[in-house]
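Report on the structure
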Amino acid sequence: MTSRTTKAIFVTGGVASSIGKGIVAASVGALMEARGLTVAHMKLDPYINVDPGTMNPFQHGEVFVTDDGTETDLDLGHYERFTSSITSRSSNVTTGRIYASVIEKERRGDYLGGTVQVIPHITDEIKAFVMQGARAVDVVIVEIGGTVGDIESLPFIEALRQLKLELGTGNSVSVHVTLVPFIKAAGELTTKPTQHSVKTLRAIGIQPEIIIARCDRELSDDLKRKISLFCNVTPECVITGQDVDSIYQVPLAFHRQGLDGLIIQHLNIWTREPVLDRWNEIVGRLHDATERTTIAVVGKYVDHTDAYKSLHEALLHGGLTHGARVSFRYIDSEEVSEKGAGPLLDGVDAILVPGGFGGRGIEGKIAAVQYARESQVPFFGICLGLQVAVIEFARNVCGIKAANSAEFEPEGSDPVIHLMAHQHKVTRKGGSMRLGSYPCVLQSGSLAAEVYGTDQVDERHRHRYEVNNDYRTKMSKKGLKFSGLSPDNLLVEVVELEDHPWFLGCQFHPEFLSRPYRPHPLFAAFVGAATVAATPAANPT
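The following refers to the structure shown. If you're wondering where the values come from, they're calculated on a predicted model, not measured in any experiment.

Glancing now at the overall build of the protein. Secondary structure summary: the protein contains 19 helices and 23 strands in total. For the protein, whose C-alpha radius of gyration is 25 Å, the value lies close to the compact-globule estimate of 24 Å for 541 residues. Dimensions of the protein, computed from the C-alpha atoms along their principal axes, are close to 70 × 65 × 45 Å. For the protein, the residues scored as buried account for 57% of the 541 residues in total. In the protein, once contacts between residues fewer than 6 apart in sequence are set aside, the share between residues at least 24 apart is 73%. The average position of the 53 basic charges and that of the 64 acidic charges among the side chains of the protein differ by 3 Å.

This brings us to the layout of surface pockets. By volume, the second largest pocket is sized at about 710 Å³. A per-class count over the lining of the second largest pocket returns 15 nonpolar, twelve polar and eight charged.

The contact between helix H7 (residues 192-204) and helix H8 (residues 221-231) brings their axes to 10 Å, and the two run at 25°. Our classification of the angle between H7 and H8 gives roughly parallel. For the pair H7 and H8, the sense of crossing is right-handed. When H7 is examined against H8, the residues Thr194, Gln195, Val198 and Arg202 are found in contact with a partner set consisting of Lys226, Ile227, Phe230 and Cys231. Across the contact of H7 with H8, the residue classes break down as four nonpolar, two polar and two charged.

This paragraph deals with the sheet that holds strand E12 (residues 291-299). Read across the open sheet, the nine strands follow the order E13-E12-E14-E15-E23-E22-E21-E18-E19; overall the sheet is mixed. Here the strands that pair on one side only, and so sit at the sheet edges, are strand E13 (324-332) and strand E19 (456-463). Within the sheet, the average angular offset between the axes of one strand and its neighbour, ignoring direction, is 25°. Pairing between strand E21 (residues 480-485) and strand E22 (residues 492-497): four bridges, direction antiparallel. Following the sheet pairing, Leu485 is matched in E22 by Val492. Sheet strands in contact with helix H12 (residues 309-321) are E12, E13, strand E14 (350-353) and strand E15 (379-382), and its direction is about 150° off that of E13.

Applying the stated criterion to the full structure yields 29 salt bridges. Of the charged contacts in the structure, one is a salt bridge between Lys43 and Asp73, with a shortest N-O distance of 3.0 Å. Of the two residues, Lys43 is situated in strand E2 (residues 39-45) and Asp73 in the loop between strand E4 (71-72) and helix H3 (75-82); the sequence distance between them amounts to 30 residues. A relative accessible area of 6% means that Asp73 is categorised as buried. The partner of Glu363 in a salt bridge is Arg395, with the nearest N and O atoms 3.0 Å apart. Of this pair, Glu363 sits in helix H15 (residues 362-375) while Arg395 sits in helix H16 (residues 384-396), placing them 32 residues apart in sequence. Look at Glu363 and you get partly exposed, because its relative accessible area is 42%.

Per the stated rule, a full pass over the model turns up two cavities of 30 Å³ or more. Here the largest cavity is characterised by a volume of approximately 50 Å³. Grouping the constituent residues of the lining of the largest cavity by class yields four nonpolar, three polar and two charged. By volume, the second largest cavity amounts to about 30 Å³. When contributions to the lining of the second largest cavity are tallied by element, the ones reaching two or more residues are helix H5 (118-133), strand E6 (139-144) and helix H6 (154-167). Element by element, the count of residues in the lining of the second largest cavity is highest for H6, at four residues. Considered class by class, the residues forming the lining of the second largest cavity number ten nonpolar, no polar and no charged.

Thresholds applied
- Residues numbered from 1 in each chain as written.
- Predicted model: local features only at pLDDT ≥ 70, side-chain atom pairs only at ≥ 80, totals over all residues.
- Heavy atoms only, no water.
- Helix = DSSP H or I, 4+ residues; strand = E, 2+ residues; numbered from the N terminus.
- Rg over C-alpha atoms; globule rule 2.2 N^0.38 Å.
- Buried < 20%, exposed > 50% of the residue type's maximum accessible area, 1.4 Å probe, protein only.
- Contact = heavy atoms within 4.5 Å.
- Lys, Arg positive; Asp, Glu negative; His and termini not counted.
- Charge placed at Lys NZ, Arg CZ, Asp CG, Glu CD.
- 1 Å grid on protein atoms, 1.4 Å probe; cavity = no way out; pocket = protein on both sides within 12 Å on 5 of 7 lines; lining within 4 Å.
- Points joined across faces, edges and corners; volume = space filled by probe spheres on them.
- Nonpolar A, V, L, I, M, F, W, Y, C, P; charged D, E, K, R; others polar.
- Axes fitted to C-alpha atoms, helices over the stretch in contact; angles between N-to-C directions.
- Parallel < 35°, antiparallel > 145°, perpendicular 65-115°, else oblique.
- Left-handed = near helix turned anticlockwise from the far one by under 90°.
- Pairing = 2+ DSSP bridges.
- Salt bridge = Lys/Arg side-chain N within 4 Å of Asp/Glu carboxyl O.

Below, the structure is given as C-alpha cells:
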C-alpha cells in the first residue's frame, strides 16, 4: 500500500445494525497498539450525506468532532478513546463525499470523456481514500458502516474486495462481526443468521478470515465448530463477542481468546507480546469502585443515549479518577418544562446540561440550571448548556426578563446569546459552524484554571451562537464570571459562579478529549464535586 507496506484490517458487519463493529474495530486497534504497532482508523459510511453534521441525533447518534473540524461518525470517538490515534478528515468518508469528489473530477474533465461508472471510478475513489489515510502507520483498521447486503454499502464492499486482491496474501485480514441470537422459545443460540451473513459476504467475493460472533452468552465449542464448518473458517477464528458490563473489557476478552495473535498471524508480521497493563488497570478500577454518585443529564435526545455517547463515557472516566460508580438519570428537558425541575431533579448529586440545537425543551433546560444554582447542586453546562446557563442568570439574577437566544427568538429584545459575526452570511448549514480545536485563555485564580492547572487550553468546538458581549458587564457585576475567553477576548468560552460548590459552563465539547486512561480535567473535577455532594457530610439530615 505504501513503501512501508502498511497492513490492513477490514471490519464488516452482518445481520443487524448497531452490532458493535465500532467497538470491535477500536478494541482491535487497542490490541495492535499493545503489541507495539502504530495504527490508524477509518470509517466508511454508506449514507449519501456528505457528513453526519446535519443529521438528527435520534437517527444517527452523536456527531463526533475532530481537531481539524470534521463532523464525523460517533465510532471515531471509540477509536480515539481506545487508542492513541488522532482522527481527522481522512478518517471518515461517506457515499455522498465519494460521489461529490467523482462528479467534481468528471466536471473538470479528469476522466477524458470516459463513461463514469461505479466500477471502476467510485471504487477507485474509495480505494484512494483508504490508501491515503494508511500512510506512515503499521496497520490501518477500516470499518465499513451498515450491514452486508445493504444496497448502499455495495460499492464499499466491492472496493474492499479489490483492495484485498491488490494488497496480496499476508497483507490484509477480513474480520466479520455478526449476530448469534438466543431464541428464547427454543432455549438455544442459533447460528443461521451468521451463516447467511457470511454467505452474502462470500457471494460478493470476500471470504472473512475471522468471525466475531456477537451474543449474550458464551459460545460452546460445538457452535464454534458449526460456524467454522458452514462459514469456511477454522474453529479458533470464531471469536465470542459476548455482552460485557463495560466496553473497556472488550480488548481483554478478545485477547483471552487469542484474537490479536490470529490477526498478526494472518498479516504475517512479528510483534512483541501485548502489554495490557493499561486495560487491566482500567477494568480493575471499574470493578473496585466503591463510591457512588448520581448525575442527571437534562437533554433533548435522552431517548437515544448514543446522542450523548462521548459525554456518557467522559463521565465514567471522571468516576475512575475518584473510584466512583456514576449512575445516570437521563431526563427529557421537555418533561422538566411540564412538571418542573424539583420533582425530577430532587436527590441527584449533580446536573449536566449538554449541547443541542433548536428551541424544543429549552425552558426545561433553563429550569434545570435555576434549580442547580439555587439548590447549590454541582452544575456543568456544555455548549448549549453554557448558553442556557447565561440565559437563566440574565433572567433571574440580572432581571433581564426577556433574555433569550437569537436561535430561539430571532426578533427578541434581549438576545444575551446571538449569532457569531462571521455566521451572518452563512447560508449553507453543512460544515459551516465554528468547528474543531480552538485556544481558550483562562482567568488566573478561576475554577477552570485550577481544574486545568494551566492558563491556556485547546478544545474542540461545534457552534454558531455565542454570548453577546453587550451583556457581559452587567452580568459580571451580578457575579457571573467569564473565566475563559478566546485569545482576542471576543468570544466567551467558560463561565462560572464563585458562591457555589461547583458551577461551570463551557462553550466547547471537552467530552471529545476524554480517555479512560486520561480523564478530562473538567469531567474529573465535576464528578469529584458530585461525589462530595453524595456524601452524608455534604448532605446532613
